[in-house]
Amino acid sequence: MGTTASQLGKDSLAEYQELTFLTKQEILLAHKRFTELLHKDHKGDPHARVPMDRVLTLPELKSNPFRKRICHVFSTSEQKDGSLTFEDFLDLLSAFSDSATLEIKSHYAFRIFDFDDDGTLDSGDLEKLVNCLTGDTDDTRLTTEEMRQLISNILEESDIDKDGTVNLSEFQHVISRSPDFVSSFKIVL
Amino acid sequence: MVFVTCKDTVTGRACCVVLCTTEEQNLVKELVGLSTRDRIRAIRGLSMSFKEKKHIRLVLSHYVSLIIKQYNTNNQVLIQWSCFKLFSQSFRRCGYSIKSARQTLKLWQSIMKEIGGRFGTSVLSYFVFLKWLLMFNIFSFLVNFGFITIPLLVYDPSPNIPPNVSFTGLEMLTGAGYFTYTIMYYGGYSNETLVGLVKYDMKLAYFFTIAVYMVLCGIALIFSMASSFKKNYVLADPTSNSAWQLLSSWDFSITNERAVRQRKNNLRVQIQESLSDKAQRQLLTLSEKLKHLGVYLGFWLLSTSLVVGCGVSIYYLYAANWSLLQEAETLLVPFVVSLMNLVVPLLYSLFNKFEHYSSHRRQIYALVVRNILLKMSILAVLCYYWMNVVAKKFSCWESVVGQALYRLVIVDFLFLMLGSFFGEFLSNVIGTRLIPRLGVPEFDVARNVLELIYAQSLAWIGIYFSPLLPAIQILKLFILFYLKKVSLTQNCQPPRRTARAAQMQTIFIALLFFPFFVGSLSIVAYTAWRLTPSEQCGPFRGLNSTFSVVGVWMDDLHEIPGSQWVIWIYENIIKSEIFYFLMTLIIIDTYIAIENKPFMNCG
């Protein structure tokens, strides 16, 4: 089997350290966990992709309400199927790491919350977001009236140009006033 | 499309790099002007996929080397520049390895992940804080043991204990008796210059070890405070029920299925509460406001008088203390102190229920301030008694103070265990069986962290009087971790409200530093500066004050050639007031520099 350090070349390791917010330990651990997810035929291939349903078996993502969105946002596959290469996986861990900046975290949070991928958060996105966070079954959902009230409160608070949607800079502005965001937006292997 | 051709300096081959879009060109132009460190930080902060970042980095490195070559046709300059680049690169790699070395201490990592996954970040912050304090104590123990105790043990392995004293089990609790003559306390250390492989001056070793440790602690605390402040302090919105704050504070590190479901329920309840609050906003009438104000003032007066009462009673208990012949009686004062530390905060929590606060945050702040006042005044009274009465009454007074601190630490530990039992286990039993309305208790992070801070300040004060006290503290923190973990998982539920974990963390570090560390440092400094060391025991016997060892050393150094620079430093820097002024300026400057690190906004 060999040690994981020997499978990651020293140059690649140095490059990963420079381009992500992860430390050497975190990168090696990520490599170990990622190779466990790979199909045994692909174990030597540095550009191998892991399908989304295998990624979602990771205990850190299994119960996360945004797990599918996270995979879609960080995936670079052309088929948009949410599969991740090792570099996508490192991107994911880097954005969710302790040392990532507020800008990176808020940028990716915006993309995760943007369920229809159109670059803005409109009422449909906001409704899906609230349902994701409060429960999707019939008895745990908010009533239609409460939902409408909540969405209008959200838009009143953050929609500065009053176009009915929240764009990236409005989102980043409102998130920067939220003191718990940086410490909650964290996933550590 | 723009093509940039350059020649590879090593192989001489021409390589072609393509800049595809104008956005990328603009980005590269912005990044080229930065220093290497800022450039790396900027690229890392780009919100692009890994492949794109690699591409930008490659383009930039070719672009930069092209520019350098255009402006530096002189080979000498090019070689110097390459050397400088290599040096700064190895410096950076060193920085990375330091960062990852800090993570190798894998103590408790899996347990903390389990706790974070089930209870969330705010409860986890208590355990992270505990682990951080443990590091301080491990470092302190290693330093003290290595520089002070080991030389003494090597030179004189058997302690000189008078013949009629033998080891009974009670010493573990009281710290007196057999332990008084051992290396546990100040009195067990000699003041000689040990001659072995090298000449080792015990006085200087004792003084400098403790001084350097305190200074390093202070620096570490200032840096943690600065970086935590920068990361977490945000001008918080006054409307704490804002919808975005509720939605954006979803804790991504929770991995337990049940905990996730509970969080979703709590969030739904909070959202519904905030919606109904907005619908019917209560306006208080003037008489109601006056009534609330009266209630606040009344309870503040009550808390302050409780604090004053505690302080006075401890002083009189100590002063009226009976001869210390019977060792068991000496446990009375620590017992009373710890009892007050246990009962009075519970009383404060009770007061909280009768007061009406406009926000949850103000409630926590009021509780924290009252608890701090209590603990600080208890410590102040004890230190006042030790410095003014004990120092004049006993012959080997530092050991007496060391023993008193040992007893306080041990009894405090026993009471923490009791507090866990009463605080969490009984609350759970009451909440589930007796009064179901109360429900399962939540883990009170603020109260527990304050208890840790108090315990740590006892250890800091005690380092001067009992160099091996950190060993006891290490054991205490170690056991406490497992105790709290078991108590948490068996008795508590995850917190219902998102309690501003990040800001509380900053506040706790600031509290650790500001009243408690600075207070402990001032007590130790006052002892070293003003109080006369005892005549018969310890490393500083016979001197006017502890600090005069440095003066004596300076006098000795006059005879040794080649050490003029040390004397110069002492005369012109340490003794002058300008030095301290400059130090304060440097500290403030570093603080501001950490806060204002340049940030590039891309994309």
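- Looking at an unreviewed UniProt entry, chain B carries the name Transmembrane channel-like protein, with the source organism given as Mastacembelus armatus.
- Here chain B is described in UniProt, under the heading Subcellular location (unreviewed entry), as follows: "Membrane".

- The name given to chain A in an unreviewed UniProt entry is Calcium and integrin binding 1, with Mastacembelus armatus as the source organism.

Considerations on the overall build of chain B
Part 1: Each helix and strand in chain B was counted, giving 20 helices and 4 strands.
Part 2: For chain B, the proportion of its 603 residues judged to be buried stands at 45%.
Part 3: Contacts in chain B between residues far apart in sequence, at least 24 positions, make up 75% of those at least 6 positions apart.
Part 4: Of the roughly 31,600 Å² of accessible surface on chain B, a fraction of 66% belongs to carbon and sulfur atoms.

Some thoughts on the pattern of salt bridges
Pairing of side chains with opposite charge becomes possible as their charged atoms draw close.
Part 1: In total, this model carries 17 salt bridges over all chains according to the counting rule given.
Part 2: Between R41 of chain B and D38 of chain B there is a salt bridge whose closest N-O contact spans 3.6 Å. Of this pair, R41 of chain B and D38 of chain B both sit in helix 2 (residues 36-44), 3 residues apart, roughly one helical turn.
Part 3: Each of E15 and E18 of chain A together with R57 and R92 of chain B takes part in one network of salt bridges that share partners.

Here's the deal with the domain arrangement of chain A
Residue and element names in this part refer to chain A.
Part 1: Structurally, chain A comprises domain 1 (5-95) and domain 2 (102-184).
Part 2: Each partner contributes residues to the interface: domain 1 has 8 residues there, and domain 2 has 12 residues.
Part 3: For the pair domain 1 and domain 2, the summed buried surface comes to about 970 Å²; carbon and sulfur atoms form 73% of the total.
Part 4: Three residues stand out in domain 1 for area buried against domain 2, namely F66, R69 and V73, and they jointly supply 58% of the buried area on that side.
Part 5: Along the contact surface separating domain 1 from domain 2 lie 1 salt bridge.

Some points on the environment of S227 of chain B
All names here are of chain B.
Part 1: Tracing the backbone shows S227 in helix 8 (residues 202-232).
Part 2: S227 sits in the partly exposed class, given a relative accessible area of 36%.
Part 3: Taking the C-alpha atoms as reference, S227 lies 37 Å from M202; in sequence the two are 25 residues apart.
Part 4: Here the side chain of S227 touches S224 through a polar contact of 3.2 Å, landing on its backbone oxygen.

Re the UniProt feature "domain: EF-hand" (unreviewed entry) in chain A
Residues and elements named next belong to chain A.
Part 1: Here the UniProt-annotated "domain: EF-hand" (unreviewed entry) positions come out as residues 101-136 and 146-181.
Part 2: Annotation note: span residues 101-136, helix share 67%, strand share 0%, distance between end C-alpha atoms 31 Å.
Part 3: Measuring from the first to the last C-alpha atom of residues 146-181 gives 24 Å, for a span that is 64% helix and 0% strand.

Considering the state of the cysteines
Part 1: For the coordinates displayed, the defined rule picks out 1 disulfide over all chains.
Part 2: Disulfide pairing places C396 of chain B opposite C537 of chain B at an S-S distance of 1.7 Å. Between C396 of chain B and C537 of chain B, the S-S dihedral sits near 110°, and the bridge is therefore right-handed. Taken together, the residues C396 of chain B in the loop between helix 13 (360-393) and helix 14 (397-434) and C537 of chain B in the loop between helix 17 (501-529) and helix 18 (548-557) connect sequence positions 141 residues apart. Of the two residues examined, C396 of chain B and C537 of chain B, each falls in the buried class.
Part 3: The thiol of C132 of chain A is unpaired, and the distance to the nearest cysteine sulfur, on C71 of chain A, comes to 13 Å.

Focus: the domain arrangement of chain B
Part 1: Taken as a whole, chain B is organised into domain 1 (22-70) and domain 2 (105-531 + 542-559).
Part 2: Its C-alpha centre places domain 1 of chain B at a distance of 48 Å from the equivalent point of domain 2 of chain B.

With respect to helix 11 (residues 286-319) of chain B
Residues and elements named next belong to chain B.
Part 1: Taking 1.5 Å per residue as the helical rise, helix 11 with its 34 residues ought to reach 50 Å, and the 49 Å between its terminal C-alpha atoms agrees with that figure.
Part 2: By the burial criterion, the buried members of helix 11 are H292, F299, S303, V307, C310, G311, I314 and Y318.
Part 3: Next to the buried residues of helix 11 lie helix 12 (332-354), helix 13 and helix 14.

Side note on the interface of chain A and chain B
Part 1: Between chain A and chain B, the residue contacts involve 63 residues of the former and 56 residues of the latter.
Part 2: Taking both sides of the interface into account, the surface hidden between chain A and chain B amounts to around 5,600 Å²; carbon and sulfur atoms contribute 60%.
Part 3: At the boundary of chain A and chain B, one finds 6 salt bridges.
Part 4: Across the pair D91 of chain A and K53 of chain B runs a salt bridge whose closest N-O atoms are separated by 3.8 Å.
Part 5: Put simply, chain A and chain B have 16 residue pairs in polar contact (both at pLDDT 80 or more) between them.
Part 6: Broken down by element, the side of chain A that touches chain B gets its largest block of residues, 7 residues, from helix 10 (residues 144-158) of chain A.
Part 7: Residue classes in the side of chain A that touches chain B are distributed as 29 nonpolar, 20 polar and 14 charged.

Description of the packing of helix 13 of chain B against helix 15 (residues 445-465) of chain B
Residues and elements named next belong to chain B.
Part 1: Two numbers describe how helix 13 lies on helix 15: the axes approach to 10 Å, and their chain directions differ by 20°. As far as their axial angle goes, helix 15 and helix 13 are roughly parallel. Crossing hand, helix 13 versus helix 15: right-handed. Residue-level inspection shows V368, N371, I372, K375, I378, L379, C383 and M387 of helix 13 in contact with helix 15, the latter providing A446, L450, E451, Y454, S457, L458, I461 and F465.
Part 2: Split by residue class, the contact of helix 13 with helix 15 holds 12 nonpolar, 2 polar and 2 charged.

Quick notes on the rules
All residue numbers refer to positions counted from 1 along the written sequence of the respective chain. Going through the entries in the order they are written, you letter the chains from A and number the ligands from 1. Local features in this predicted model are restricted to residues whose pLDDT is 70 or higher, and side-chain atom pairs enter the listing and the counts only when it is 80 or higher, whereas totals over whole chains, interfaces and linings include all residues. Hydrogens and water are ignored here; the side-chain numbers use all heavy atoms of the structure. UniProt positions are given in the numbering used here, feature names are shortened, and annotations may be inferred rather than shown by experiment. Comment: elements are numbered from the N terminus, with helices defined as DSSP H or I runs of at least four residues and strands as E runs of at least two. For the exposure calls, accessible area comes from a 1.4 Å probe over protein chains only, and a residue counts as buried if that area is under 20% of its type's maximum, exposed if over 50%, partly exposed in between. Contacts: residue pairs with any heavy atoms within 4.5 Å of one another. Accessible surface is estimated by sampling points in the Shrake-Rupley manner with a 1.4 Å probe; for residues, cover comes only from the protein chains shown. Each reported salt bridge corresponds to a side-chain nitrogen of Lys or Arg within 4 Å of a carboxyl oxygen of Asp or Glu. The split of the chain into domains comes from an automatic or database domain assignment. Joining two parts hides part of their accessible area as seen by a 1.4 Å probe, and the buried area is that hidden amount summed over both. For the purposes of these results, a polar contact is taken to be a pair of N or O atoms within 3.5 Å, where, inside protein, one atom must be able to donate a hydrogen and its partner to accept one; residues adjacent in sequence count only when each atom of the pair is a side-chain atom. Criterion for a disulfide: a pair of cysteine sulfur atoms at a distance within 2.5 Å. Helix span, as expected, comes to 1.5 Å for every residue beyond the first. Each residue receives one of three labels: charged for Asp, Glu, Lys and Arg, nonpolar for Ala, Val, Leu, Ile, Met, Phe, Trp, Tyr, Cys and Pro, and polar for the others, Gly being one of them. Inter-axis angles, ranging from 0 to 180 degrees, are taken between N-to-C directions of lines fitted to C-alpha atoms, where helices are fitted over the stretch in contact. Roughly parallel covers angles under 35 degrees, roughly antiparallel covers those over 145, roughly perpendicular covers 65 to 115, and oblique covers all other angles. With the far helix as reference, a near helix turned anticlockwise by less than a right angle produces a left-handed crossing, and one turned clockwise produces a right-handed crossing.

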